Amino acid sequence: MTFKILSCDGGGIRGLITALLIQDLDKDYQVISKADGYAGTSTGGLIALALANGVDIKTIVNLYQNEGGTIFEPNGWFGAAEDVPDANAHPAELTALGSGPGYFSTQYVNDGLRKIAGQLLGGVALSDAKKLVVVNSARLWDNATHSWEPCTFSNANNNPYKSMLMQDAAVATSAAPTYFPPFAVNPYGFFADGGVFANNPAVTALSEAISGGFVSNQADLRLLSLGTGLSPQGIPPADIPKPLSWGVTHWMWPRQSKSTPAMALLALTMDGTAQIADINAAKILRGNYCRGNYALPEPFELDGWKNAAKLVTWTESYMKTPAWAGVKNWVAQSWT
């Protein structure tokens with residue numbers, strides 16, 4: 001008997017792409033009700049948890065289309081004075097940065113995100129889920145090892161986080177560095193976005209399904225992985241005339257510089273982990289794995305909620321391509 005996992009990438013407001021793709025597949029093939037498990041990271045974690053809690057996909061789509069301003073609530077100018085480095089030491093840099101989003105303080109507070117998570121997930125714990133649910137986050141301190149560690153939250157019997165509330169898991173997995181503050185969950189401490197190590201949760205979902213005893217044979221697994229769009233960004237050679245100059249001000253500059261994206265190191269980390277998970281999941285499962293995703297016509301920021309209509313247009317165009325027809329054909333044959 002097959003065990004079917006629906007896996008959702010991270011990507012901020014671009015989670016609207018994932019939600020729309022799920023909605024299209026569910027209309028024809030009932031992928032939500034037929035799924036045996038849901039996995040997600042960051043915005044995909046919110047989607048996976050909501051689906052596991054029985055939230056209608058239409059509600060999730062409407063959330064991304066209409067509540068972006070609630071989720072991305074600005075943090076103000078520089079934040080509290082005690083959290084700012086010596087502002088008088090570099091006045092020219094401060095003038096150039098303006099409000100400095102994500103530079104001296106997090107760009108957003110998480111009040112709206114916590115509100116949305118509470119509305120969708122209430123007081124339900126991971127252990128209350130009727131199906132497997134897998135969510136990734138990065139724990140910033142472990143007392144036993146005096147180190148940070150990657151974490152996978154799930155309702156598997158052997159998972160140490162199974163008693164965590166779903167709404168806490170949703171905020172913890174979405175705490176993107178520089179965008180949102182680290183999020184504390186008692187008694188575990190602070191967490192950051194799981195996208196720093198598994199922006200595509202496909203491989204961690206496979207691991208949790210097998211180690212948790214949900215499947216006895218790897219051949220029984222079917223995994224449908226849905227992305228949030230592949231952003232056309234990178235660092236062309238022309239942007240690196242002097243490699244020795246590539247310190248923090250290049251890798252973590254909060255504005256696009258020439259063709260180099262803003263926060264290049266964070267973008268590379270999240271895009272890179274998504275792509276390698278796709279490659280590895282395809283090698284492990286072969287024909288039992290399918291990926292739905294497309295190249296975005298232009299770069300699209302994680303917090304670009306004001307332009308969400310573009311995501312709808314692009315995704316509707318993708319749904320008319322042979323590539324999406326191939327995904328639907330795979331679902332028709334494998335998602336039974």
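Residues numbered from 1 in each chain as written. Predicted model: local features only at pLDDT ≥ 70, side-chain atom pairs only at ≥ 80, totals over all residues. Heavy atoms only, no water.

Colleague: How would you sum up the overall build of the protein chain? Please name residues and give values.
Modeller: Within the protein chain, the secondary structure is distributed over 14 helices and 10 strands. For the protein chain, the spread of C-alpha atoms along the principal axes amounts to about 65 × 45 × 40 Å. Per-residue burial for the protein chain yields a buried fraction of 50% across its 336 residues. For the protein chain, the proportion of contacts with a sequence separation of at least 24, taken over those separated by at least 6, is 74%. For the protein chain, the exposed surface amounts to about 15200 Å²; the carbon and sulfur share of it is 55%. In the protein chain, the 22 positive side-chain charges and the 27 negative ones have mean positions that sit 8 Å from each other. (Helix = DSSP H or I, 4+ residues; strand = E, 2+ residues; numbered from the N terminus. Buried < 20%, exposed > 50% of the residue type's maximum accessible area, 1.4 Å probe, protein only. Contact = heavy atoms within 4.5 Å. Areas by Shrake-Rupley, 256 points an atom, 1.4 Å probe, with all protein chains shown as cover. Lys, Arg positive; Asp, Glu negative; His and termini not counted. Charge placed at Lys NZ, Arg CZ, Asp CG, Glu CD.)

Colleague: So what about empty space enclosed by the protein? Which residues, and what values?
Modeller: Per the stated rule, a full pass over the model turns up one cavity of 30 Å³ or more. Of the volumes computed, that of the largest cavity is approximately 210 Å³. Lining the largest cavity we find 19 residues, and of these Gly 12, Ser 42, Thr 43, Phe 72 and Phe 180 sit closest to its centre. Looking at the lining of the largest cavity residue by residue, the classes come out as 11 nonpolar, seven polar and one charged. (1 Å grid on protein atoms, 1.4 Å probe; cavity = no way out; pocket = protein on both sides within 12 Å on 5 of 7 lines; lining within 4 Å. Points joined across faces, edges and corners; volume = space filled by probe spheres on them. Nonpolar A, V, L, I, M, F, W, Y, C, P; charged D, E, K, R; others polar.)

Colleague: Before we move on, could you go through the packing of helix H3 (residues 43-52) against helix H4 (residues 57-66) and cite the residues and values that matter?
Modeller: Running from N to C, H3 and H4 cross one another at 150 degrees; their axes reach a closest spacing of 10 Å. Comparing their axes, H4 and H3 come out roughly antiparallel. In the packing of H3 onto H4, the handedness of the crossing is right-handed. Residue-level inspection shows Thr 43, Leu 46, Ile 47, Ala 50 and Leu 51 of H3 in contact with H4, the latter providing Ile 57, Ile 60, Leu 63 and Tyr 64. Of the residues in the contact of H3 with H4, the class split is eight nonpolar, one polar and no charged. (Axes fitted to C-alpha atoms, helices over the stretch in contact; angles between N-to-C directions. Parallel < 35°, antiparallel > 145°, perpendicular 65-115°, else oblique. Left-handed = near helix turned anticlockwise from the far one by under 90°.)

Colleague: Residues and numbers for the layout of surface pockets, please.
Modeller: Think of a ball as big as a water molecule: rolled over the atoms, this probe shows where empty space is left. The volume enclosed by the largest pocket comes to roughly 410 Å³. Every residue lining the largest pocket is counted, 28 residues in all, and those nearest its centre are Arg 14, Ser 231, Gln 233, Ala 267 and Asp 271. By residue class, the composition of the lining of the largest pocket is 12 nonpolar, 10 polar and six charged.

Colleague: Report on the nonpolar core, specifying residues and quantitative values.
Modeller: Most often, soluble globular proteins keep nonpolar side chains buried together rather than apart. In terms of nonpolar packing, the biggest core is built from 76 residues, with Ile 22, Phe 153 and Leu 224 touching the most fellow members. Setting aside residues no more than four positions away along its own chain, Ile 22 makes contact with Leu 6, Cys 8, Val 31, Ile 32, Ile 47, Leu 51, Ile 57 and Leu 226. Residues Ala 202, Ala 205, Leu 206 and Ala 281 belong to the second largest nonpolar core, which totals 15 residues. (Core = buried A, V, L, I, M, F, W, Y, C linked by side-chain atoms within 4.5 Å.)

Colleague: Tell me about helix H10 (residues 202-211), residues and numbers included.
Modeller: Within the span of H10, buried status applies to Ala 202, Thr 204, Ala 205, Leu 206, Glu 208 and Ala 209. Phi for Gly 213, located one or two positions after H10, is positive at around 80 degrees.

Colleague: Run through the side chain of Glu 208, naming residues and quoting values.
Modeller: The topology assignment puts Glu 208 in helix H10. Buried Glu 208, no salt bridge; nearest opposite-charge side chain is Lys 162, N-O distance 10 Å. At 2.7 Å, the side chain of Glu 208 forms a polar contact with the side chain of Ser 154. In contact with Glu 208, other than residues within four places in its own chain, are Val 134, Thr 152, Ser 154, Ala 156, Asn 158, Asn 159 and Phe 214. (Salt bridge = Lys/Arg side-chain N within 4 Å of Asp/Glu carboxyl O. Polar contact = N/O pair within 3.5 Å; in protein donor to acceptor, adjacent residues only side chain to side chain.)

Colleague: Let's hear about the packing of aromatic side chains: which residues, and what values?
Modeller: Throughout the structure, instances matching the rule amount to 13 aromatic pairs. Relative to Trp 314, the ring of Phe 300 has its centre 5.8 Å away and its plane inclined at 80 degrees; by these criteria the two rings are edge-to-face. Residue Phe 300 is found in the loop between strand E10 (289-292) and helix H13 (308-318), and its partner Trp 314 is found in helix H13; the two are separated by 14 residues along the sequence. Since its relative accessible area comes to 7%, Phe 300 is described here as buried. These aromatic residues form a ring-pair network of at least three members: Phe 153, Tyr 161, Tyr 188 and Phe 191. (Phe/Tyr/Trp six-rings, centres within 6.5 Å; stacked < 30°, edge-to-face > 60°.)

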